[in-house]
Amino acid sequence: MERVKLANDQQERDQYDNLADLFSIIVTLEHLEKAFVRDCCVAEEYDQQCKSLMSKYKTLLPLVAGCVPSLDHFLGEYGMSCPAAAS
């Protein structure tokens, strides 16, 4: 089986890694929101985790700004349905 090269250089590889991180943060926020609504986590835990994820999200935004003009664009581009995380 032939290996498929996803990136041509380190900068492109870093960009893919950053996009993957953004994807995972959004999915995690979606699950956290649902868990909170279902009383599966206490408010303190929810607040702490939410603040941590939002901080990571805000740190990551400038790193992907060149290919992610908006959150809605990213969600559409990758076929994500994460309404709780998007709000």
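Structure: above.
Each chain has its residues counted from 1, following the order in which its sequence is written. Totals for whole chains, interfaces and linings use every residue, but because this is a predicted model, local features are given only for residues with pLDDT of at least 70 and side-chain atom pairs only at 80 or more, for both listing and counting. Excluding hydrogens and water, the side-chain values take into account all heavy atoms of the structure.

Some remarks on the pattern of salt bridges
Two side chains bearing opposite charge may form a pair once their charged atoms approach each other closely. Here, a salt bridge means any side-chain nitrogen of Lys or Arg that lies within 4 Å of a carboxyl oxygen of Asp or Glu. According to the stated counting rule, one finds two salt bridges in the structure shown. For Arg 13, the salt bridge is made with Asp 17, and the minimal N-O distance between the two is 3.3 Å. Here the residue Arg 13 and the residue Asp 17 both occupy positions in helix α1 (residues 10-37), the gap between them amounting to four residues, near one helical turn. Given a relative accessible area of 36%, Arg 13 falls into the partly exposed group. With a shortest N-O distance of 3.9 Å, Glu 30 and Lys 34 are connected by a salt bridge. Helix and strand assignments follow DSSP, with helices taken as H or I runs no shorter than four residues and strands as E runs no shorter than two, numbered in order from the N terminus. Whether a residue is buried, partly exposed or exposed follows from its accessible area with a 1.4 Å probe, protein chains only, as a fraction of its type maximum: under 20%, in between, or over 50%, in that order.

Description of α1
To estimate how far a helix should extend, the number of its residues minus one is multiplied by 1.5 Å. The first and last C-alpha atoms of α1 sit 41 Å apart over 28 residues, in line with the 40 Å expected at 1.5 Å per residue. Residues of α1 that are buried include every one of Asn 18, Leu 19, Leu 22, Ile 25, Ile 26, Leu 29, Glu 30, Leu 32 and Glu 33, and no others.

Details of helix α2 (residues 43-64)
Its 22 residues give α2 an end-to-end C-alpha distance of 31 Å, which sits within 8% of 32 Å, the value for a rise of 1.5 Å per residue. Taken together, the buried positions of α2 are occupied by Tyr 46, Cys 50, Leu 53, Tyr 57, Leu 60 and Val 64. Viewed along the axis of α2, the buried residues span an arc of 100°, placing them on a single side of the element. Along α2, the residues that are exposed and aim more than 90 degrees away from the buried face are Glu 44, Gln 48, Lys 51, Lys 58, Thr 59 and Pro 62. Those residues of α2 that are buried are in contact with α1 and α3 (71-77). Throughout, the arc means the angular range of directions from the helix axis out to the C-beta atoms. Contacts: residue pairs with any heavy atoms within 4.5 Å of one another.

Quick look at the packing of α1 against α2
Any two packed helices are characterised by how steeply their axes cross, that is the angle between the axes, and by the distance between the axes. For every element, the axis is a line fit to its C-alpha atoms; helices are fit only across the contacting stretch, and the angle between N-to-C directions ranges from 0 to 180 degrees. At their nearest, the axes of α1 and α2 sit 10 Å apart, and the two run at 155° to each other. One element, α1, and the other, α2, form an angle in the roughly antiparallel class. Crossing geometry of α1 relative to α2 is assigned as left-handed. Residues Gln 15, Asn 18, Leu 19, Asp 21, Leu 22, Ile 25, Thr 28, Leu 29, Leu 32, Glu 33 and Phe 36 of α1 form the contact with α2, whose own contacting residues are Ala 43, Tyr 46, Gln 49, Cys 50, Leu 53, Met 54, Lys 56, Tyr 57, Leu 60, Leu 63 and Val 64. Here the angle decides the label: under 35 degrees means roughly parallel, over 145 means roughly antiparallel, 65 to 115 means roughly perpendicular, and every other value means oblique. Definitions for this section: a left-handed crossing has its near helix turned counterclockwise from the far helix by less than a right angle. A right-handed crossing has that turn clockwise.

Regarding the environment of His 31
Within the secondary structure, His 31 sits in helix α1. Given the relative accessible area of 54%, His 31 is considered exposed.

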